Amino acid sequence: MTEHTSPYDTTALTKPATRLRIPQLKQMKVEGRKWAMLTAYDMYSAVIFEDAGIPVLLVGDSASNNVFGNDSTLAVTVDELLPLVRAVTRSTRRALVIADLPFGSYQVSPEQCLQTAVRFMKEAGAHAVKIEGGVELLPHIAKLSVSGIPVMAHIGFTPQMEHQLGGYRVQGRGEDGQRLIDSAKALEAAGAFALLIEMVPGDVGAAITQAVAIPTVGIGAGNQCDAQVLVWQDMAGLRQGRLPRFVKQYADLRSVLQTAARDFADDVQAGTFPGPEHTF
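Residues numbered from 1 in each chain as written. Predicted model: local features only at pLDDT ≥ 70, side-chain atom pairs only at ≥ 80, totals over all residues. Heavy atoms only, no water.

Right, let's get into unusual backbone geometry. For the peptide bond that leads from F273 to P274, omega is 0°, which places it in the cis range. Looking at the secondary structure, you find P274 in the segment after α11 (253-270). With a phi close to 50°, M199 is a non-glycine residue in the positive phi region. Tracing the sequence through the fold places M199 in the loop between β6 (194-198) and α9 (202-211). Residue M199 is classed as buried on the basis of its relative accessible area of 11%. (Helix = DSSP H or I, 4+ residues; strand = E, 2+ residues; numbered from the N terminus. Buried < 20%, exposed > 50% of the residue type's maximum accessible area, 1.4 Å probe, protein only.)

All right, on to the pattern of salt bridges then. Going through the model one piece at a time under the given rule, you end up with seven salt bridges. Here D226 makes a salt bridge to K29, at a shortest N to O gap of 2.6 Å. Taken together, the positions of D226 in the loop between β7 (216-219) and β8 (227-230) and K29 in helix α1 (residues 22-31) put the pair 197 residues apart, joining distant regions of the chain. We classify D226 as buried; its relative accessible area is 11%. Here K29 falls in the buried class, since its relative accessible area comes to 16%. Taking the shortest distance from any N to any O, the salt bridge between D234 and R239 comes out at 3.1 Å. Overall, the relative accessible area of 34% leaves R239 in the partly exposed class. Connected via shared salt-bridge partners are D79, R119 and E123. (Salt bridge = Lys/Arg side-chain N within 4 Å of Asp/Glu carboxyl O.)

This brings us to the sheet that holds strand β4 (residues 128-132). Pairing is parallel around the closed barrel formed by eight strands, whose spatial order is β1-β2-β3-β4-β5-β6-β7-β8. The mean inter-strand angle of the sheet, taken between neighbouring strand axes irrespective of direction, is 25°. As paired elements, strand β5 (residues 151-156) and β6 share five bridges and run parallel to each other. Bridged to H154 within β6 is L196. (Pairing = 2+ DSSP bridges. Axes fitted to C-alpha atoms, helices over the stretch in contact; angles between N-to-C directions.)

With that settled, consider the UniProt feature "binding site: Mg(2+)" (unreviewed entry) in the protein chain. In this numbering, the UniProt entry assigns the feature "binding site: Mg(2+)" (unreviewed entry) to D61, D100 and E132. Spanning 72 residues, the annotated positions come together in the fold, the maximum distance between their C-alpha atoms being 10.8 Å. Annotated residues from the preceding list that form part of the lining of the largest pocket: these are D61, D100 and E132. In this structure, D61 sits in the loop between β2 (56-59) and α3 (63-66). Sequence-distant contacts of D61, that is, excluding residues within four places in its chain, are made with T73, V76, L81, D100, E132 and Q160. Relative to the elements of secondary structure, D100 occurs in strand β3 (residues 96-100). Apart from the residues lying within four places of it in its own chain, the contact partners of D100 are L58, V59, G60, D61, L81, F120 and K130. (UniProt positions renumbered as here; feature names shortened; annotations may be inferred. 1 Å grid on protein atoms, 1.4 Å probe; cavity = no way out; pocket = protein on both sides within 12 Å on 5 of 7 lines; lining within 4 Å. Contact = heavy atoms within 4.5 Å.)

Take a look at the structure:
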């Protein structure tokens, strides 16, 4: 059996109750140590991923699709996401937990953004928040930063703007790549502690990573980013249907669960469950 070591094994993290902190992520970039991030929406997935050595968990607005059954991320609300964030923060001890701010909960003004972020920090115990957008959100990021709320900026393809962008399309091609690089620098200057870069050419992801001192997290942005993130249901093969090009499936969890459910149903129908060992 291969022995796995956690990518955030540091002296400070040998104590069970010690959370990963943002300065440690920045130090990992300096040292050239890559790390993984996964989404998590409940207690069991959060505990499993933390035990596997995933240092950062994202309670994404992707819960809209993967938990609540919506067609896009746009429908999920703050009140729906708060309990999910609370479940993840309560059940983990070491992972840094980031909460996505859903569509419509921060775009109106920096003040609205702060009020929503405060709810996720106070009511759900989030350690940081993530918002989608470019230079138009510089005042929002600055407001959060000076208020003590760490914020990850999300650039490139931003799912909350799918209708304006014309669907799920790669961003940053050609001259637009320089715009993303400039946006990344401006977001860093405004106080973002990290950048999530989605669906951009690999050379653009690499250029952004080199241009900023804060960590970059790629999802469809090439392998030169400081970290990588996937939606866990995609990564573990729970989701069916066509997957984005940037997804690699590491398991076929859907088949495992189907087999388990089918075996359970067969045992019940055959009268072999519950057996004597399951009966008081």
